[in-house]
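Topology and contacts: notes
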Amino acid sequence: MSRELRDRPHHFVDTVPFDPGRTEPVGAESSAVDRASSWRLTWWKFRKHRVAVAAGLILIAFYALIPFVEVIAPYNPAKRHGDYLYAPPQSIHLFHEGRFVGPYTHPYHFTFNIETFHRDYTVDRSRVQPLRFFCRDEGYSFWGLIDTDWHVVCPPKDGTMFLLGTDRLGRDLLSRIISGTRISLTVGLVGIAVSFALGLFFGGLAGYLGGWVDNVIQRMIEILRSLPELPLWLALSAALPPNWSPILVFFGITLILGLLDWPGLARAVRSKLLALREEDYVRAAELMGASKSRIIARHLIPNFMSHLIASATLSIPSMILGETALSFLGLGLRPPVTSWGVLLNEAQNLAAVQLHPWLLAPILPVVIVVLAFNFLGDGLRDAADPYH
């Protein structure tokens, strides 16, 4: 070894000139990362995932819509327009004859076609019907507490605004899709809450206690996962009493979805606890007299909560698709409840879809929400291990 290498100090030497005004030492960024909590590290890495952040913003917009569907929907979702059955979507225009008018629609006129036995709609482009914003129109009960009639956008006076067309009863499809957002998205949250609670409970017991408890829970999971999922959904949904109110049917469907989705999460929790229960901090907690429930709830589960959130985010789309599929087949939610699956139920008739393709419009929010949840789940899953 040369004399120069032997005389070089083995400790760190700061070569930056002394600055009395500097408050942070060199390497402050790396030390901040070392001191950061797991939640902060997850957030730092997640916000670099642009697609996941964009998906999260889309989902925030959808869920922010839920409390205000009556305010945003231009029509009451149950209101029928007898003169506009199967009316095609209306377009919004800004200019009329080269002059800026603002958002407006043209009125419809229909004639009954004797040869095809359906209505032919024509647009009267000579008339302008301006839309109204932040206006008073049809009354409603906001959250069943306040009677009001305020709307963000209203149809023109003595006019119509069917941006996505109408159904067989003349009901505005856009208003029904907006109203269905509340049910379809809430089903996913309530269902994942049931699944999350069962998965944490049974997975925590199996992973921490082990032994015969683990064997019993594993055999129960294997039996549930060996059953074909869709036929089991159909059987349990058909078993719901037909005289139940829409609210009871809603909770029955969410309970079914939650009860059938927890085995996968329970196995993920079990595998994590099997690895974490051998850590030194768990042994220390046991020696200090902590109970098993406290060790699981306060020490084990918080150490992989970010992974659980990512798993839950990826499970919510399956809940939404499950409700949509059951309602589409007529075994889930039923009218007068409005959900995306109930709306798609009206598109089962191939002839109706061929003549009125706008009835498939409820597919769009389903696809957007499911893709957004998948992108968000991928981003959270990547960010759950910030040291990777």
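On a predicted model such as this, the values are computed, not experimentally measured, just so you know. (Residues numbered from 1 in each chain as written. Predicted model: local features only at pLDDT ≥ 70, side-chain atom pairs only at ≥ 80, totals over all residues. Heavy atoms only, no water.)

This paragraph deals with the nonpolar core. Core analysis: the largest hydrophobic core is formed by 60 residues, its most contacted members being Leu300, Leu308, Leu333 and Val369. Ranked by the residues each element gives to this core, the list is headed by helix H9 (residues 246–276), at 10 residues. When sequence neighbours within four positions are dropped, the list of residues in contact with Leu300 reads Tyr208, Leu273, Leu276, Arg277, Tyr281, Val282 and Ile295. Judged by nonpolar contacts, the second largest core, of 8 residues, contains Ala87, Tyr121, Leu131 and Met161. (Core = buried A, V, L, I, M, F, W, Y, C linked by side-chain atoms within 4.5 Å. Buried < 20%, exposed > 50% of the residue type's maximum accessible area, 1.4 Å probe, protein only. Helix = DSSP H or I, 4+ residues; strand = E, 2+ residues; numbered from the N terminus. Contact = heavy atoms within 4.5 Å.)

With that settled, consider helix H6 (residues 173–209). The first and last C-alpha atoms of H6 sit 53 Å apart over 37 residues, in line with the 54 Å expected at 1.5 Å per residue. At Gly180, H6 is deflected by roughly 35 degrees, the largest bend along its length. A positive backbone phi angle near 65 degrees is found at Gly210, which sits one or two residues after H6. (Expected span 1.5 Å × (residues − 1). Bend = angle between axes of the 7 residues up to and from the residue.)

In space, the 3 strands of this open sheet follow the order S1-S2-S5, with antiparallel pairing throughout. Pairing within the sheet leaves two strands with one partner each, and these edge strands are strand S1 (93–96) and strand S5 (129–130). As defined by bridge partners, S1 adjoins strand S2 (residues 99–105) across 3 bridges and the pair is classed as antiparallel. By the bridge assignment, His93 is partnered in S2 with Tyr104. (Pairing = 2+ DSSP bridges.)

Summarising the element assignment, Leu85 is placed in the loop between helix H5 (69–72) and S1. Among residues more than four places away in sequence, those in contact with Leu85 are Arg119, Tyr121, Thr166, Asp167, Arg168, Leu169 and Gly170.

Annotation from UniProt places "transmembrane region" (unreviewed entry) at residues 51–73, 183–209, 244–262, 308–333 and 353–376. Counted over residues 244–262, helix gives 89% and strand 0%. Its end C-alpha atoms are 26 Å apart. (UniProt positions renumbered as here; feature names shortened; annotations may be inferred.)

Let's shift gears to the confidence of the model for the protein chain. On average, residues of the protein chain score 81 in pLDDT, and 89% of them reach the 70 mark or higher. Across the protein chain, the element-wise mean pLDDT spans from 55 in helix H2 (residues 28–35) up to 92 in helix H4 (residues 50–65). Predicted confidence for residues 25–29 stays below pLDDT 50, and this span has 2 contacts to residues more than four positions away or in other chains. (pLDDT = per-residue confidence, 0-100.)

On to the state of the cysteines. All chains considered together, the criterion is met by 1 disulfide. Linked covalently through their sulfurs, Cys135 and Cys154 form a disulfide whose S-S length is 1.9 Å. Because the sign of the S-S torsion sets the handedness, a value of about 115 degrees for the bond joining Cys135 and Cys154 places this disulfide among the right-handed ones. Placement of the pair is Cys135 in strand S6 (residues 132–142) and Cys154 in strand S7 (residues 146–154), with a sequence separation of 19 residues. Each of the two residues, Cys135 as well as Cys154, counts as buried. (Disulfide = S-S within 2.5 Å.)

Moving on: unusual backbone geometry. Residue Tyr86 is not a glycine yet carries a positive backbone phi of 55 degrees. Among the secondary structure elements, Tyr86 is positioned in the loop between H5 and S1. Residue classification places Tyr86 among the partly exposed residues on the basis of a relative accessible area of 25%.

For the rest of this paragraph, the subject is the environment of Ile58. For Ile58, the position within the fold is in helix H4. Sequence separation of Ile58 and Ala372 is 314 residues, and the distance between their C-alpha atoms is 7.0 Å. Beyond its immediate sequence surroundings of up to four residues, Ile58 is in contact with Ile368 and Ala372.

For the structure shown, the criterion picks out 11 aromatic pairs. Measuring from centroid to centroid gives 6.3 Å for Trp43 and Phe46, while their planes differ by 35 degrees, and the two rings are tilted. Here Trp43 pairs with Phe46, and both are found in helix H3 (residues 38–46), just 3 residues apart, close to one helical turn. With 5.3 Å between their ring centres and 65 degrees between their planes, Phe95 and Phe100 make a pair best called edge-to-face. Grouping residues by exposure puts Phe95 and Phe100 together as exposed. Through a chain of ring-to-ring contacts, the aromatic side chains of Tyr75, Tyr84 and Phe162 assemble into a single cluster. Positioned above the aromatic ring of Phe110, the side-chain terminus of Arg119 is 4.3 Å from the ring centre. (Phe/Tyr/Trp six-rings, centres within 6.5 Å; stacked < 30°, edge-to-face > 60°. Lys NZ or Arg CZ within 6 Å of the ring centre and 35° of its normal.)

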